[in-house]
Amino acid sequence: MRHTRLPFRLALFLFLVLSVAACDLSDSDAGSARPDVVVGNGGNFSDQNGSVSLVDREAGTVTSGADLGGFVQGLEVHEGRLHVLINTFSEGRVDVFERQNGALERVGQWTGLTAPRDVAFFEGLAYVTGFVFGAPGSVQIVDPETGAVQGDVSVGEVPEGILAVDSGLLVANNGVLGAGRTLSHIRAADQSVTSIQVPCDGPRDLARVPGERIVVVCTGKTVFNDDFSAVLEQTGGRLLLLDGRSFDILGEADLPEQAGSANGTATLAAAPASDEVFVTLTDGSIQSASVNGLASGLLSVRIVPDAADGVTGTSGVAYDADRDVLLVGRLARAAGGGFPDFTAAGELHEVTRTGAVTSRFTVGPAPSAVALF
């Protein structure tokens, strides 16, 4: 088995740029029908071999698509279509898929994008966050039907999550290694931008929750010495609850660890039906929080997925409300230790609130995002 070992500086850069049929490995359980799951397989960034796997949990099968020629950064489902965000060594793109005859078929492609990190839709247009290392971040405006880029808006440094709000878009500016402390509000009417200060390091992911409120995940920041050989400072992650119109802070709570995933992808899954969110932490655990609890500064249960042979970490999470389970991407464990092997097949796990793993499915290398579709 081949393992990719990168110099620390290159690995740090890739973290910022990131920032075959198989079978069910467990007995299928009885109960209500389980919707299909799509897993974005990031792949090994240096190999540019990301892909998408479609998991039929009822049949116990996984169908993986072709090599997409880049790192699969994220997934977004909108109006019956799956949008796959792809980062490459040059320009990035978004591939658009539909379900046709039980399979995923590509029906569109948006090109000319700058390292797409997240996408949101507002009044018929798509807004895509992206950044170039060492330069200000931007949001590119795309016609989702043609894929044509219609313009861009400058925001903060290293923009990550983006969310449609009543008046336009809200962007989380993570900053270099979590040093950012702002959100950017883009007013759709005239594309003017207002910077909003937040009391946490590294705002990264955003979700709308019931009661016209917004949850913000802040990763925390890490400061290295000049040659990156030692950590000088590190702050913890935090959750914020904002009013969805004024963006005033309604509640906040410190996370027990920094928020993060095993390969630098999104950390947040929202469960509107139960008024809660789930956040992946850098130690592989998942923190839950109810919206009402967060308003009082309280967190809920911290979920630690059971240890499983051959896998490590978490990357990508979604919530299945019908079965009350988390769907969690887990990376292959390298033979030489507890760190990920980005070249080997990972797994999708169904995880209960107690951390029990009830089903395992083999997917592609280095899962990065999970979505119900």
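All of these numbers come straight from a predicted model, not from anything done at the bench.

## What to know about the overall build of the chain
Right, so step 1: On a plain count of helices and strands, the chain comes out with two helices and 32 strands.
Right, so step 2: In summary, the chain has a C-alpha radius of gyration of 19 Å against a globular reference of 21 Å for 373 residues, a match within 12%.
Right, so step 3: Seen along its three principal axes, the alpha-carbon backbone of the chain occupies a region of about 50 × 50 × 45 Å.
Right, so step 4: Put simply, the chain has 373 residues, and 54% of those count as buried.
Right, so step 5: Put simply, the chain shows about 14,800 Å² of open surface, and 50% of that area lies on carbon and sulfur atoms.
Right, so step 6: Across the chain, the 24 positively charged side chains and the 45 negatively charged ones have centroids separated by 3 Å.

## Here we look at the sheet that holds strand 24 (residues 276-280)
Right, so step 1: In space, the four strands of this open sheet follow the order 23-24-25-26, with antiparallel pairing throughout. Since the sheet does not close on itself, it has two edges, and those belong to strand 23 (268-271) and strand 26 (302-303), each with one partner.
Right, so step 2: Bridge analysis of strand 23 against strand 24 gives four bridges, and the strand direction is antiparallel. Pairing of Ala269 across the sheet is with Phe278, part of strand 24.

## A look at the nonpolar core
Right, so step 1: Residues Val215, Leu239, Val277 and Val279 are the most contacted members of the largest nonpolar core, which totals 16 residues.
Right, so step 2: At the level of elements, strand 17 (203-209), strand 18 (213-218), strand 21 (238-243), strand 24 and helix 2 (291-295) are the ones that each hand at least two residues to this core.
Right, so step 3: Those residues in contact with Val279, other than ones at most four positions away along the chain, are Val217, Leu239, Leu255, Ala259, Thr267, Leu268, Ser285, Ile286 and Gln287.
Right, so step 4: Core analysis: the next-biggest nonpolar cluster, separate from the first, contains 15 residues, Leu170, Leu183, Ile196 and Phe247 among them.

## Here's the deal with the sheet that holds strand 22 (residues 249-254)
Right, so step 1: Read from one edge of the open sheet, four strands run 17-18-21-22, paired in antiparallel fashion. Across the chains shown, the open sheet's two edge strands, defined by having one partner strand only, are strand 17 and strand 22. Averaged over all pairs of adjacent strands, the angle between their axes in this sheet comes to 20 degrees, without regard to strand direction.
Right, so step 2: Relative to strand 22, strand 21 runs antiparallel, the two being bridged by five bridges. The partner of Leu240 across the bridge, within strand 22, is Glu252.

## Considering the pairing of strand 15 (residues 182-187)
Right, so step 1: Among the six residues in strand 15, five count as buried, and that is most of the element.
Right, so step 2: Two elements, strand 14 (residues 168-173) and strand 15, share six bridges in a ladder whose sense is antiparallel. Bridging across to strand 15, Leu170 finds its partner in His185.
Right, so step 3: Of the pairings in the sheet, the one linking strand 15 to strand 16 (residues 192-197) comprises six bridges and is antiparallel in character. Paired with Ile186 across the bridge in strand 16 is Val193.
Right, so step 4: In this antiparallel pair of consecutive strands, strand 15 and strand 16, the connection spans four residues, and Gln191 shows a positive phi of 60 degrees.

## Digging into the confidence of the model for the chain
Right, so step 1: Taken over all residues, the pLDDT of the chain has a mean of 91, while the share at 70 or more is 91%.
Right, so step 2: In this model, residues 1-32 is a region of pLDDT below 50 whose contacts with residues beyond four sequence positions or in other chains number 77 contacts.

## What to know about the pairing of strand 32 (residues 367-372)
Right, so step 1: Among the six residues in strand 32, five count as buried, and that is most of the element.
Right, so step 2: As judged from the five bridges shared by strand 2 (residues 37-41) and strand 32, these two strands associate in the antiparallel manner. Considered in strand 32, the bridge of Val38 is made with Ala371.

## Here we look at the packing of aromatic side chains
Right, so step 1: Counting across every chain of the model gives five aromatic pairs.
Right, so step 2: Considering the side-chain rings of Phe45 and Phe71, the 5.9 Å spacing of their centres and the 55 degrees angle between planes classify their relative orientation as tilted. Taken together, the residues Phe45 in the loop between strand 2 and strand 3 (51-56) and Phe71 in strand 5 (residues 71-78) connect sequence positions 26 residues apart. Assigned by exposure class, Phe45 and Phe71 land together as buried.
Right, so step 3: Between the aromatic rings of Trp110 and Phe121, the centroid separation amounts to 6.3 Å while the plane-to-plane angle is 70 degrees, which identifies the pairing as edge-to-face. Placement of Trp110 in strand 8 (residues 103-113) and of Phe121 in strand 9 (residues 116-122) is noted, with a sequence separation of 11 residues between them.

## Observations regarding the side chain of Thr314
Right, so step 1: Tracing the sequence through the fold places Thr314 in the loop between strand 27 (311-312) and strand 28 (317-320).
Right, so step 2: Filtering out sequence-adjacent residues up to four positions away, Thr314 remains in contact with Ser261, Ala262, Thr280, Leu281, Gly284, Ser285, Pro305, Val328 and Gly329.

## Regarding the pattern of salt bridges
Right, so step 1: The full count for this structure, using the stated rule, is 21 salt bridges.
Right, so step 2: Among the salt bridges present, the one from Arg360 reaches Glu347, with a minimum N-O distance of 2.8 Å. Taken together, the residues span a long stretch of sequence, with Arg360 in strand 31 (residues 357-365) and Glu347 in strand 30 (residues 345-351) at a distance of 13 residues.
Right, so step 3: The class for Glu347 is buried, based on a relative accessible area of 9%.
Right, so step 4: The structure contains a network of salt bridges with shared partners spanning Arg117, Glu160, Arg204 and Asp205.

## Remarks on the environment of Gly124
Right, so step 1: Structurally, the position occupied by Gly124 is in the loop between strand 9 and strand 10 (125-130).
Right, so step 2: The class of Gly124 is exposed, set by a relative accessible area of 59%.
Right, so step 3: Put simply, Gly124 and Pro144 are 20 residues apart on the chain and 7.6 Å apart in space, counted from C-alpha to C-alpha.

Conventions used here
Residues numbered from 1 in each chain as written. Predicted model: local features only at pLDDT ≥ 70, side-chain atom pairs only at ≥ 80, totals over all residues. Heavy atoms only, no water. Helix = DSSP H or I, 4+ residues; strand = E, 2+ residues; numbered from the N terminus. Rg over C-alpha atoms; globule rule 2.2 N^0.38 Å. Buried < 20%, exposed > 50% of the residue type's maximum accessible area, 1.4 Å probe, protein only. Areas by Shrake-Rupley, 256 points an atom, 1.4 Å probe, with all protein chains shown as cover. Lys, Arg positive; Asp, Glu negative; His and termini not counted. Charge placed at Lys NZ, Arg CZ, Asp CG, Glu CD. Pairing = 2+ DSSP bridges. Core = buried A, V, L, I, M, F, W, Y, C linked by side-chain atoms within 4.5 Å. Contact = heavy atoms within 4.5 Å. Axes fitted to C-alpha atoms, helices over the stretch in contact; angles between N-to-C directions. pLDDT = per-residue confidence, 0-100. Phe/Tyr/Trp six-rings, centres within 6.5 Å; stacked < 30°, edge-to-face > 60°. Salt bridge = Lys/Arg side-chain N within 4 Å of Asp/Glu carboxyl O.

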